[in-house]
Structures are given as C-alpha cells and as structure tokens.
Amino acid sequence: MAAPPYKRTLTYEEFESYAKEIYGVSERLRDGWELRSMQPTKDSKKTAFLVKKCTKLIGNESTGSDLEDARELKEELQWGGASVGDYCDPADAIQIQNDPASFSISHPRTVHLEYHVLYSLSYAVPVLYFTASYDSGKQLPLEDTWHHLVSRVHSSGETDGWAQVTQQEHPLLGRPFYHVHPCHTAEVMAHAEGRKNGVTSPQQPLQNADDDDGTSLESRDLNYLLTWLSTFGPLVGLGMPLAYAELLAVDSSS
C-alpha cells in the first residue's frame, strides 16, 4: 500500500508571521501589498490577510493607438504617475519601460484586479481570492477570467488540474470572489519546497531532510507564503518580483 503524500501545511501564527514579512518587503519595494485585519464575529479574534490592487492590460494584436497607450504608460512609470507595483505582473512594467513597441496589443482593455491572501482553517494553508473588473466597473464573468488570466497556464497541462478557479463568497467580506481552491495546496507545497531544498522524494517530510551544512529544514527560515505566491500567483495573473526572495534571504542571514 502506497504511503500517503506528504502535506506541507502551516499554522495561523506562521501564516501571520510570513504575511508580515511579505508586507515589510513590499513596503521597501513599493509593490503595493497591504496587511489588513478583520474580526469575523464579535466573539472571534482578528484575522490578518494580505491585499493587493493592481492592473493588467489584455489583448492580442497591435494597432497604432495601442503603441501610443504603451508610450503613455511608460511616461507614467518614468515620471511618477505609476509604479511597478501598480501592475499585477512586474514583467509588464519592465517591458513598458524598456520597449513600449513590444508591448503593443489589440483593443487594449485595462483589467483591475484585487487579490486577497487569507488563511484557511479547514485546510491549514493560504487561499488566494481575487476579483477582476473592467474600467466600467463591470466584473469579468468566469469565462473571461479563465480566458485572460488562467487559461494559458492551465491549458498547457503544467498545473495537472490542481488549480481549480471557482467563485465563492469571501469568508470575511461576504461577497462573491473568485478563488483558487486549496484542496491540493498542501501537496503542491510539499513538492515545491522539496524541489527548492533538494528533497528528491515528495513523501519525505521536509523537517527530516538535511541541508548540506547538516541543519534541518525545520530550523531554516523559509517564507512559505513567498513560495506559495510564486507558485499559485502566476496561475491567475499575479507575479512576484525576484527581489522578494533576495531581500528575505538577506534579512534571514543578518
């Protein structure tokens, strides 16, 4: 009988600690993450969660007006009207800054996204909630959300079906959000952290694997949320700059 897959979960206290680290680095990078807290009921404790509001341009073919829009975006980035953190994918901002012509797209539409990172008590993992709307304020229907934010990665087979985007009521706000279902998050994170730290067997508990220097991974200061966001964020249009890993590595070594 095969052993059950190792699951990498975390406690709420760990989640809150990692969220504070992400927020601290975001403040230094001006990347736009907010750390909020809400009290679900009058008898419960406040719950911390991360929020990021950003924009994404969608389209396919180029037109003359698209190039002009890209140039205007470049000027906003250069003169302070916008920052890299205003864009959901940092690669978009970099491409606009370096070469607006390469960022030309057909019938450009701005999509405003709001991402919330919450802790799931049921699964003991983070959950990514998000909303997407056009300039008019109209929400993207699920079909358009899949087409513009999810379908390219999911259709490639890379996710192997574990990234299920569905609509659900936000547990703190009580209104509809899309979310990446957390049912396979713990297994995916075991693989992700295992690859990151040289664990060859996904069923080998990370806390029992040793580093080259003989220290256990349990004692190493890993930011679970950064690994998780870097794994799940791109599936729904959210990128995480490499600077997060670099700054957190410096902080943990000092």
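Residues numbered from 1 in each chain as written. Predicted model: local features only at pLDDT ≥ 70, side-chain atom pairs only at ≥ 80, totals over all residues. Heavy atoms only, no water.

Details of the packing of helix α1 (residues 12-29) against helix α7 (residues 243-253)
- Contact geometry of α1 with α7 gives a least axis separation of 10 Å together with a crossing angle of 115°. Taken together, the axes of α1 and α7 lie roughly perpendicular to each other. The chirality of how α1 crosses α7 is right-handed. Contact residues: α1 offers Glu-21, Ile-22, Val-25, Ser-26, Arg-28 and Leu-29, while α7 offers Ala-243, Tyr-244, Leu-247, Leu-248 and Asp-251.
- For the contact of α1 with α7, the per-class residue count stands at seven nonpolar, one polar and three charged. (Axes fitted to C-alpha atoms, helices over the stretch in contact; angles between N-to-C directions. Helix = DSSP H or I, 4+ residues; strand = E, 2+ residues; numbered from the N terminus. Parallel < 35°, antiparallel > 145°, perpendicular 65-115°, else oblique. Left-handed = near helix turned anticlockwise from the far one by under 90°. Contact = heavy atoms within 4.5 Å. Nonpolar A, V, L, I, M, F, W, Y, C, P; charged D, E, K, R; others polar.)

Remarks on the state of the cysteines
- For the structure on display, the rule yields one disulfide.
- What pairs with Cys-54 in a disulfide is Cys-88, and their sulfur atoms sit 2.2 Å apart. Torsion about the S-S bond of the Cys-54 and Cys-88 cystine: about 100°, corresponding to right-handed handedness. Taken together, the positions of Cys-54 in strand β2 (residues 47-58) and Cys-88 in the loop between α2 (64-78) and α3 (90-98) put the pair 34 residues apart, joining distant regions of the chain. Both residues of the pair, Cys-54 and Cys-88, count as buried. (Disulfide = S-S within 2.5 Å. Buried < 20%, exposed > 50% of the residue type's maximum accessible area, 1.4 Å probe, protein only.)

Brief notes about the sheet that holds β2
- Across the sheet, which stays open at both edges, the six strands sit in the order β1-β2-β3-β4-β6-β5 with antiparallel pairing between neighbours. In this open sheet, the two edge strands, each paired with only one partner strand, are β1 (33-38) and β5 (165-169). Geometrically, the sheet is characterised by an average inter-axis angle of 35° between neighbouring strands, direction not taken into account.
- Sheet contacts for helix α6 (residues 224-232): β1, β2, β3 (109-120), β4 (125-134) and β6 (176-180); angle to β4, the most-contacted strand, approximately 45°. (Pairing = 2+ DSSP bridges.)

Take it as geometry only, folks, not as evidence of what the structure does.
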